[in-house]
Amino acid sequence: MDIRAQRILITGGCGGIGLGTGEYFAKLGKQVILVDRSTEAASDLMRRFDNISCIELDLADHAAVDRRIGALIASGEAPDALVNGAGWSPKYDEDGKTWKPWTMPMSHWSAVMAVNVDASFNMCRLLLPSMIANNYGRIVNIASLAARTGGGVAPVHYVTGKAAILGMTKGIAKDVGQYNITVNAINPGRIDTPMIRDVSDEVNAAYAARIPLGRLGTPLDVAHTIAYLFSDHADYLTGTTIEVNGGLFMGP
Ligand SMILES: NC(=O)c1ccc[n+]([C@@H]2O[C@H](COP(=O)([O-])OP(=O)(O)OC[C@H]3O[C@@H](n4cnc5c(N)ncnc54)[C@H](O)[C@@H]3O)[C@@H](O)[C@H]2O)c1
């Protein structure tokens, strides 16, 4: 399995899936650029690998992203592969109550969409021109099983945003296929990262008990799927979604 991409940008790169994916590609000798609003969690990886770099950015600040990523491209360091992995899944309001559709102010809805949807589109928008110029590019958008099921513990803004990512994936894929650029999505199920630790251990154990493969997923499980989608073995896959959930959901 050969991966032609040499420079891989990962948003949410300092979260659980981002760090696992970054390490995987760094071990393959790729240049890895981790973009996150806080890059502290990557300090150990940065010490171990000189082919990993970090960019600290709030991806909801679209103007700042335009400037910083624009500068990266202008310096001749345009990524030829992108993982849109940044995500935000706030579950509780300021009183600690689970968000419900009727308790959610539009400002909160919009703040979640800015990260989970707009930031992914913005990153595609910014990186596509250089991919088109090179007649090569690979993009993986990380959505969620929640987009298909309505979400277990995830509120409606998260579910809606992840469903939007699946549509965006197809919408972009259809326009860029002619330039040898593939755009696919991954729906993780329950992956053991900081994101799932805002619910009790009992809730996560109950998820694990329902998973036919008998365990929560790991960041490496997701990294392996991304690597496949970036590889020549997936050259003919675009606009599709791979479910990485251990069999947690097998619905239509
Ligand atoms: N862990 C799971 O079970 C699971 C399931 C389905 C989907 N996902 C998706 O996988 C992706 C990675 O999630 P994870 O499990 O590694 O979670 P995580 O919380 O460990 O990582 C998410 C990262 O996104 C970053 N981020 C959030 N908002 C940002 C912003 N405004 N600007 C820059 N960075 C920002 C966070 O700082 C964090 O490092 C997310 O899109 C998430 O929705 C995860």
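One can find the structure itself at the top, above this paragraph.
Heads up: these notes are all about the structure in this document.

Things to note about the site of the ligand
- Surveying the vicinity of the ligand reveals 28 residues, the closest of which are Ile17, Asp36, Tyr158, Ile191 and Thr193.
- Between the ligand and the protein, one listed contact pairs an oxygen atom with a backbone N or O atom of Gly16 at 2.8 Å.
- Where the shell around the ligand is concerned, the elements lending two or more residues are α1 (16-27) and α6 (156-176).
- Looking at the shell around the ligand residue by residue, the classes come out as 15 nonpolar, eight polar and five charged.

Focus: the sheet that holds strand β6 (residues 181-188)
- Strand order in the open sheet made by the seven strands is β3-β2-β1-β4-β5-β6-β7, with parallel pairing throughout. Every other strand in the sheet has two partners, leaving β3 (52-56) and β7 (241-244) as the edge strands with one partner each. Each strand axis lies, on average, 20° off the axis of its neighbour in the sheet, ignoring direction.
- Here strand β2 (residues 31-36) runs beside β3; their pairing, made up of five bridges, is parallel. Residue pairing in the sheet places Val32 in a bridge with Ile52 of β3.
- Taken strand by strand, helix α4 (residues 106-134) contacts β1 (7-11), β4 (81-84), β5 (137-142) and β6, and its axis lies near 175° from that of β4.
- Helix-sheet contacts for helix α8 (residues 219-230) involve β1, β4, β5, β6 and β7, and the interaxial angle to β5 is about 150°.

Rules used in this analysis
- Residue positions are given per chain, counted from 1 along the sequence in the order it is written.
- This being a predicted model, a pLDDT of at least 70 is required before a residue's local features are given, and a value of 80 or more before pairs of side-chain atoms are given or counted; all residues contribute to the totals for chains, interfaces and linings.
- The basis for every side-chain value is the complete set of non-hydrogen atoms in the structure, without hydrogens or water.
- The rule for a residue being near a molecule or strand is that one of its heavy atoms must lie within 4 Å of it.
- Whenever a nitrogen or oxygen atom comes within 3.5 Å of another N or O atom, the pair is scored as a polar contact, on the condition that within protein one atom can donate a hydrogen and the other can accept it, and that pairs from neighbouring residues in sequence are kept only if both atoms are in side chains.
- Under the scheme used here, helices are H or I runs from DSSP no shorter than 4 residues and strands are E runs no shorter than 2 residues, and both carry numbers assigned from the N terminus.
- Polarity classes work like this: nonpolar for Ala, Val, Leu, Ile, Met, Phe, Trp, Tyr, Cys and Pro, charged for Asp, Glu, Lys and Arg, and polar for all others, with Gly in that last group.
- In short, DSSP must find at least two bridges between two strands for them to pair.
- Orientation is described by lines fitted to C-alpha atoms, with helices fitted over the stretch in contact, and by angles between N-to-C directions that extend from 0 to 180 degrees.
- Contacts are assigned to residue pairs with any non-hydrogen atoms lying within 4.5 Å of each other.

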